[in-house]
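# Tertiary structure, described
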Amino acid sequence: MTYPVPAKQVETLYEIKKSKFIACAGFANSRESAMALLESVKQQYPDARHHCWAYVFGNPNAPSSAAMADDGEPSGTAGKPILNVLQHKDIGDIMIIVTRYFGGIKLGAGGLVRAYSAAAQQAIDALDVRQEIKLEPLSVDIDFKHEQFVRHLVEQAKGKIANCSYKSSVMIDIELPLDALDNFRKQMAPIAFKVSAKNE
């Protein structure tokens, strides 16, 4: 369940017939984070005529969401070519914004499609990726004496402890990689009062 995502933001410049296409590619895994990235690019280039974009959230083989915008360019000449580049790459949780400065020479619809595609491709080529591991949330209810053991298991499985509350027992909210769940549940069976998925 791992997939590549942008490790950090990159910016590239593509020039054709005096028009400048500045492509910014970065990590975004929600509409909010994507719009925040767009806003920061708009602030960086406030005098640009167009900020066209596309994003793909989640695993690139089965994205949870994808969207695009032409931002005033003729329909289908900007957002779609950017999205097209993204859909042919094995990278998830990614957004590309291409900012255009018009150079005075019209490119025509075909020229725009090629320019936005080339700008997006250039940003992808410059991008470093890291592996994103999808974590599943679980809650474990255990005796105090087993807390360290559970923490050790979570660490070994490259999971995360999200929350811990102490009452008559210890309730630990954890997040584990999918492939570690079965083994974790087996280890917990003899000692836990209860192990439940967060959405159960």
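Everything numeric here is computed off the predicted structure, so don't read it as measured data.

Right, let's talk about the sheet that holds strand β2 (residues 10–16) for a bit. Two orientations exist for strands paired in a sheet by backbone hydrogen bonds: parallel and antiparallel. The strand order across the open sheet built from 5 strands is β2-β3-β6-β4-β5, with neighbouring strands paired in antiparallel fashion. Of all the strands in the sheet, the pair left with one neighbour each is β2 and β5 (65–69). Neighbouring strand axes in the sheet, compared pairwise and without regard to direction, differ in orientation by 15° on average. Lying over the sheet, helix α1 (residues 31–44) contacts β2, β3 (19–27), β4 (50–57), β5 and β6 (94–101), oriented at roughly 155° with respect to β4. In the packing of helix α3 (residues 108–126) onto the sheet, contacts are made with β2, β3, β4 and β6, and the angle to β2 comes to roughly 145°.

One pass over the structure, following the stated rule, counts 3 salt bridges. A salt bridge links glutamate 147 to arginine 151; its shortest N-O distance comes to 2.9 Å. One end of the pair is glutamate 147 and the other is arginine 151, both in helix α4 (residues 147–156) and 4 residues apart, which spans about a single turn. Note on glutamate 147: relative accessible area 11%, which makes it buried. Given a relative accessible area of 28%, arginine 151 falls into the partly exposed group.

Conventions we followed
Residues numbered from 1 in each chain as written. Predicted model: local features only at pLDDT ≥ 70, side-chain atom pairs only at ≥ 80, totals over all residues. Heavy atoms only, no water. Pairing = 2+ DSSP bridges. Helix = DSSP H or I, 4+ residues; strand = E, 2+ residues; numbered from the N terminus. Axes fitted to C-alpha atoms, helices over the stretch in contact; angles between N-to-C directions. Contact = heavy atoms within 4.5 Å. Salt bridge = Lys/Arg side-chain N within 4 Å of Asp/Glu carboxyl O. Buried < 20%, exposed > 50% of the residue type's maximum accessible area, 1.4 Å probe, protein only.

On their own, these measurements won't tell you what the molecule is for.
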